[in-house]
Amino acid sequence: MTTTEKIIIESAPMEDTPDTDILMEVKDLTTYFYTEFGIVRAVENVSFNIKQGEFFGLVGESGCGKTVTALSCLKLVRFPGIIEDGEVLFRGTDLLKMRDKDLRKIRGAEISMIFQDPLSSLNPVFTVGEQIAEVLRLHEGLKKDVAQERAILMMKEVGIPLAKERVDDYPHQFSGGMRQRVMIGRALSCNPSLLIADEPTTALDVTIQAQILEIIRQLQKKFGMSVLLITHNLGIIAENCHRVGVMYGGYIIEMASVEIIFKDPRHPYTQALMAAIPRLDLTVDQLQTLPGSVPDLIDPPSGCRFHPRCPYAREKCTDEVPPLESWTPDHNVACHFHEEISNI
């Protein structure tokens, strides 16, 4: 049995991907940052969709464009970033064409986001209860006392002990794991249809990571929401997601169900990620590594951005950007020679 098969078998039982309508569809999303050093081509022609009730993952090395993709979907990219092109269709409406005033009604109510660092995302001068209640007052028009009671219930929902006593505490009085629970409670207070979780377990120890992910899984099932999970951790992807998009250098280079990605990766980069997964039967010297480094997105390589690190690269790879094409109806790959590579 291969390592990747063990990961699939040993991960938490997953329900089948819901065969329902598409909730959000991202089409040809492109975002650049205009800096004094040059143009950072952070996201290039990214396309994917998320179904209702689905856990969809974006995975890749740091700097590959995962977070910028999520921020672009909600028009939260800050200067000097500019969304150059693309569509983000949420229930058929393009969020990128909406006025900020109208989009603010969707953020927090229909779509919520958990950011990487809960301490910097929470306002240090307001109590955690006030920050959860603020979302309820803004989007549901609740009175202050009613919103406060709902905030307490939400804190209990995400497993914060003594919620009634701690609702008036400030963020610095909570541990990292508890602050992340507050962030989840605030994000889910209005029962959104889509939760974007950007590295929700960053800087947390392994035990707390598992608890946070379990909370998200339980609430996802309870409320029937969709989740866009952003991470660099393949184990987290295996345990939680239905489908996954693998990003490299601003592009999605492979996309399929989790089972397919782990058992039959077609892109050389995805294959390298799988080969680098630690195994108990290997010594440190036997662990496989990926040579080279991530591309400079101010001066990216021509053609396929992975070709400087790819053992199968040919002249065509340096000249042409490979499109993300269907290998099977449920498996897309952006590699000129993925059919040949799969047989090597």
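Data block above holds the structure.
Quick look at the structure, then. (Residues numbered from 1 in each chain as written. Predicted model: local features only at pLDDT ≥ 70, side-chain atom pairs only at ≥ 80, totals over all residues. Heavy atoms only, no water.)

Concerning the nonpolar core
And step 1. Ranked by internal contacts, the top residues of the largest apolar core, which has 58 residues, are Met155, Ile184, Leu195 and Phe262.
And step 2. Looking at this core, the element that brings in the most residues is helix H8 (residues 176–188), giving six residues.
And step 3. In terms of nonpolar packing, the next biggest core, distinct from the first, is built from 34 residues, Ala42, Phe56, Val68 and Leu95 among them. (Core = buried A, V, L, I, M, F, W, Y, C linked by side-chain atoms within 4.5 Å. Buried < 20%, exposed > 50% of the residue type's maximum accessible area, 1.4 Å probe, protein only. Helix = DSSP H or I, 4+ residues; strand = E, 2+ residues; numbered from the N terminus.)

Notes on the sheet that holds strand E3 (residues 55–59)
And step 1. The eight strands lie next to each other as E6-E7-E8-E3-E9-E10-E12-E11, forming an open sheet whose pairing is mixed. Pairing within the sheet leaves two strands with one partner each, and these edge strands are strand E6 (111–114) and strand E11 (325–328). In this sheet, adjacent strand axes meet at a mean angle of 20° when their direction is disregarded.
And step 2. Here three bridges tie E11 to strand E12 (residues 331–333), and the two strands are oriented antiparallel to one another. Bridge pairing in E12 links Ser326 to Asn332.
And step 3. Along the sheet face, helix H12 (residues 268–275) touches strand E9 (243–248) and strand E10 (251–257) and points at about 105° away from the line of E9. (Pairing = 2+ DSSP bridges. Axes fitted to C-alpha atoms, helices over the stretch in contact; angles between N-to-C directions. Contact = heavy atoms within 4.5 Å.)

Structural notes on the pairing of E9
And step 1. Summarising burial for E9: six of the six residues are buried, a large majority.
And step 2. Burial along E9 is two-sided: the face carrying Arg243, Gly245 and Met247 and the face carrying Val244, Val246 and Tyr248 are both buried.
And step 3. Looking at chain direction, E3 and E9 are connected through four bridges and run parallel. Each residue of the ladder has a partner; that of Val59, found in E9, is Val246.
And step 4. Relative to E10, E9 runs antiparallel, the two being bridged by six bridges. The residue bridging Tyr248 from the neighbouring strand is Tyr251, located in E10.
And step 5. Count of turn residues in the E9/E10 antiparallel hairpin: two residues, of which Gly249 carries a positive phi of about 60°.

Considerations on the pattern of salt bridges
And step 1. Taken as a whole, this structure holds twelve salt bridges when the rule is applied.
And step 2. One salt bridge connects Glu214 with Arg217, and the closest N-O pair in it is separated by 2.5 Å. With a gap of three residues between them, Glu214 and Arg217 both fall in helix H9 (residues 206–223), about one helical turn apart.
And step 3. On the basis of relative accessible area, Arg217 is assigned to the buried category, the value being 18%. (Salt bridge = Lys/Arg side-chain N within 4 Å of Asp/Glu carboxyl O.)

Without other data, these values stay purely geometric and don't point to any function.
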